[in-house]
Amino acid sequence: MNLNDFWELVEATAPATPSGRRTELLTERLARLPLDEVRAFQLRLEEVRAPLDTMATVALAKLVGPGFVSDDTLWYFHSWLVGLGRDALRLAVDDPDALADHPEFHRLAALDERMVPDWEELDYCAASAWEEITGDEDGLEEALLAEGHDSPVNAEPVGEPWTPEQTASRMPRLILLFAQGS
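Quick caveat: nothing in here was measured; it's all calculated off a predicted structure. (Residues numbered from 1 in each chain as written. Predicted model: local features only at pLDDT ≥ 70, side-chain atom pairs only at ≥ 80, totals over all residues. Heavy atoms only, no water.)

Colleague: Just checking my understanding: could you explain the packing of helix H1 (residues 3-12) against helix H2 (residues 19-31) for this structure?
Modeller: To describe two helices that pack against each other, one gives the angle between their axes and the distance between the axes. It is the contact of H1 with H2, at a shortest axis distance of 9 Å, that shows an interaxial angle of 140°. The angle between H1 and H2 places the two elements in the oblique class. Residues Leu9, Val10 and Ala12 of H1 form the contact with H2, whose participating residues are Arg22, Leu26, Arg29 and Leu30. For the contact of H1 with H2, the residue count by class is 5 nonpolar, no polar and 2 charged. (Axes fitted to C-alpha atoms, helices over the stretch in contact; angles between N-to-C directions. Helix = DSSP H or I, 4+ residues; strand = E, 2+ residues; numbered from the N terminus. Parallel < 35°, antiparallel > 145°, perpendicular 65-115°, else oblique. Contact = heavy atoms within 4.5 Å. Nonpolar A, V, L, I, M, F, W, Y, C, P; charged D, E, K, R; others polar.)

Below, the structure written as structure tokens:
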């Protein structure tokens, strides 16, 4: 499975679909693929989420859902960003402030109570599809470990935490959007 195939699967489930149903749809689609494609999907997921493990994404998560951002919160926020599609992910990595134009960020800014959005279930789609195909609950993890691949399960952002001044200078449009939406 190449990156285009990965993105076609993720984007075909559309962010507008409720996350539970979206997870079901993605798992169903994966379960119709050969096992090597299910395995490859998991590897592509890890590949596309890796560039998000930065302090810029921590600052973005804190802006979207003010307050403490745990490793788990950040990890599942990565999944949510992946779920927005390849263009949004590219912006999150290269130009997070440009996400001020994204409709999902406008929706979040308008909420009375904001929390860091997540799509935790994305992490389990490939494993669930593997289990559906083989009946082996831990099969995907075991197959990857047998190849010498230990999948990450937590965010480990690189870099120094951003100060409020750094966030303000690097994400001015998002700060304005979330200030107006409050």
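Colleague: Quick question: what am I supposed to make of the pattern of salt bridges here?
Modeller: Opposite charge on two side chains allows them to pair when their charged atoms are near. Summed over the entire model, instances satisfying the criterion amount to 8 salt bridges. Between Glu28 and Arg21 there is a salt bridge, and its shortest N-O distance comes to 3.7 Å. Across the salt bridge formed by Arg44 and Glu47, the nearest N and O atoms sit 2.7 Å from each other. Remark: Glu47 and Arg44 occur in helix H3 (residues 35-49); sequence separation between them is 3 residues, near one turn of the helix. Take Glu47: its relative accessible area is 40%, and that puts it in the partly exposed class. Because the salt bridges share partners, they merge into one network encompassing Arg21, Glu24 and Glu28. (Salt bridge = Lys/Arg side-chain N within 4 Å of Asp/Glu carboxyl O. Buried < 20%, exposed > 50% of the residue type's maximum accessible area, 1.4 Å probe, protein only.)

Colleague: What is the right way to read the packing of aromatic side chains from this model?
Modeller: Describing an aromatic ring pair means giving the distance of the ring centres and the angle of the ring planes. For the coordinates displayed, the defined rule picks out 4 aromatic pairs. Geometrically, the ring pair formed by Phe6 and Phe41 is tilted, given 4.8 Å between the ring centres and 35° between the ring planes. With Phe6 in helix H1 and Phe41 in helix H3, this residue pair connects regions lying 35 residues apart in the sequence. Classification of Phe6 by relative accessible area gives buried; the value is 0%. The buried category is assigned to Phe41, whose relative accessible area is 0%. Where Trp80 meets Phe105, the ring centres are 5.5 Å apart and the plane angle is 65°; that geometry is what we call edge-to-face. On the criterion of sequence distance, the pair formed by Trp80 in helix H5 (residues 71-83) and Phe105 in helix H7 (residues 103-109) is long-range, its members being 25 residues apart. Look at Trp80 and you get buried, because its relative accessible area is 9%. Clustering of aromatic rings is evident, with ring pairs tying together Phe6, Trp7 and Phe41. One Lys or Arg, Arg170, reaches over the ring of Trp162 and ends 4.5 Å from the middle of that ring. (Phe/Tyr/Trp six-rings, centres within 6.5 Å; stacked < 30°, edge-to-face > 60°. Lys NZ or Arg CZ within 6 Å of the ring centre and 35° of its normal.)

Colleague: Explain H2 here, please?
Modeller: Owing to its 3.6 residues per turn, the α-helix aligns residues three or four sequence positions apart on the same side. Look at H2: 18 Å from first C-alpha to last across 13 residues, which is about the 18 Å you get at 1.5 Å a residue. Within H2, burial applies to Arg22, Thr23, Leu26, Thr27, Leu30 and Ala31. The buried side chains of H2 occupy one side of the element, clustering within an arc of 165° when seen end-on. Those residues of H2 that are buried are in contact with H1, H3, H5 and helix H8 (125-134). (Expected span 1.5 Å × (residues − 1). Arc of directions from axis to C-beta.)

Interpretation note: all reported values are geometric properties and have no functional meaning in isolation.
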